[in-house]
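Here's the letter readout for the chains.
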Amino acid sequence: SHEPEVGPSVARVSTNECCVDPSGNDPDTGDSKKCGLYIEENSPCLVALGRLYEGSATIHNIPLGGDQIKVGVEEVQDADARIPVPTEEVQLVGQTLNTFIAWPTHLVKHLSE
């Protein structure tokens, strides 16, 4: 009966393929920087806080536009504001929490950690 050996090895394999690296060395997320996300109304307006992923050229396998950057939204400041690069699923800042979205590069401001 080799069944007991199969269980643990399968569990080990699936753990290794998990996309979350607890050490924070994941290539996609390791070099993220805190940033403020703005929209252009009459003057630039802060609508969310998040993290900037400069090394990443795609979001959900869709290439970013030339003047766009990948951000992960961590804190919503203005839930009713329209985002600059809407998608079918997401049009308002309030819908972006804990998701990756494209944002115009010139409207992303670095924050010191």
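Preceding this section is the structure that the text describes.
This one's a predicted model, so the numbers in the text were calculated from it and none came from an experiment. (Residues numbered from 1 in each chain as written. Predicted model: local features only at pLDDT ≥ 70, side-chain atom pairs only at ≥ 80, totals over all residues. Heavy atoms only, no water.)

*Asks:* How should the overall build of the protein be read in this particular structure?
*Replies:* Scanning the protein for helices and strands turns up 1 helix and 7 strands. Starting at the N terminus, the α and β elements of the protein follow one another as α-β-β-β-β-β-β-β. Contacts in the protein between residues at least 24 apart in sequence constitute 52% of all its contacts with a sequence separation of at least 6. (Helix = DSSP H or I, 4+ residues; strand = E, 2+ residues; numbered from the N terminus. Contact = heavy atoms within 4.5 Å.)

*Asks:* Is there a simple way to explain the side chain of R51 in this structure?
*Replies:* Positionally, R51 belongs in strand β2 (residues 44–53). In this structure the side chain of R51 is engaged in a polar contact, spanning 3.3 Å, whose partner is the side chain of E74. (Polar contact = N/O pair within 3.5 Å; in protein donor to acceptor, adjacent residues only side chain to side chain.)

*Asks:* Help me understand the sheet that holds β2 in this model?
*Replies:* The pairing of strands in a sheet happens through backbone hydrogen bonds and is either parallel or antiparallel. Here we have 5 strands laid out as an open sheet, ordered β6-β5-β2-β1-β7, and antiparallel in their pairing. Here the strands that pair on one side only, and so sit at the sheet edges, are β6 (100–104) and β7 (108–110). Geometrically, the sheet is characterised by an average inter-axis angle of 50 degrees between neighbouring strands, direction not taken into account. (Pairing = 2+ DSSP bridges. Axes fitted to C-alpha atoms, helices over the stretch in contact; angles between N-to-C directions.)

*Asks:* I'm lost on the nonpolar core in this one. Help?
*Replies:* A general trend in soluble globular proteins is that nonpolar side chains are found buried together. Among the nonpolar cores identified, the biggest contains 18 residues, and L37, V47, V71, V93, W103 and V108 are the most heavily contacted of them. At 4 residues, the largest contribution of residues to this core is made by strand β1 (residues 33–40). (Core = buried A, V, L, I, M, F, W, Y, C linked by side-chain atoms within 4.5 Å. Buried < 20%, exposed > 50% of the residue type's maximum accessible area, 1.4 Å probe, protein only.)

*Asks:* Is there a simple way to explain the packing of aromatic side chains in this structure?
*Replies:* Counted by the stated rule, this structure contains 1 aromatic pair. Plain terms: the ring middles of Y53 and F100 are 5.3 Å apart, the flat faces sit at 85 degrees to each other, and that makes the pair edge-to-face. Of this pair, Y53 sits in strand β2 while F100 sits in strand β6, placing them 47 residues apart in sequence. Between K70 and the ring centre of F100, over which it is positioned, the NZ or CZ distance is 4.3 Å. (Phe/Tyr/Trp six-rings, centres within 6.5 Å; stacked < 30°, edge-to-face > 60°. Lys NZ or Arg CZ within 6 Å of the ring centre and 35° of its normal.)

*Asks:* Can you help me understand unusual backbone geometry in this one?
*Replies:* Note on backbone geometry: most residues besides glycine have negative phi, and most peptide bonds are trans. Positioned with a positive phi, H60 is a non-glycine residue whose angle comes to about 50 degrees. Non-glycine residue N61 carries a positive phi angle of around 70 degrees. Inspection of the secondary structure assignment puts N61 in the loop between β3 (58–59) and β4 (62–63).

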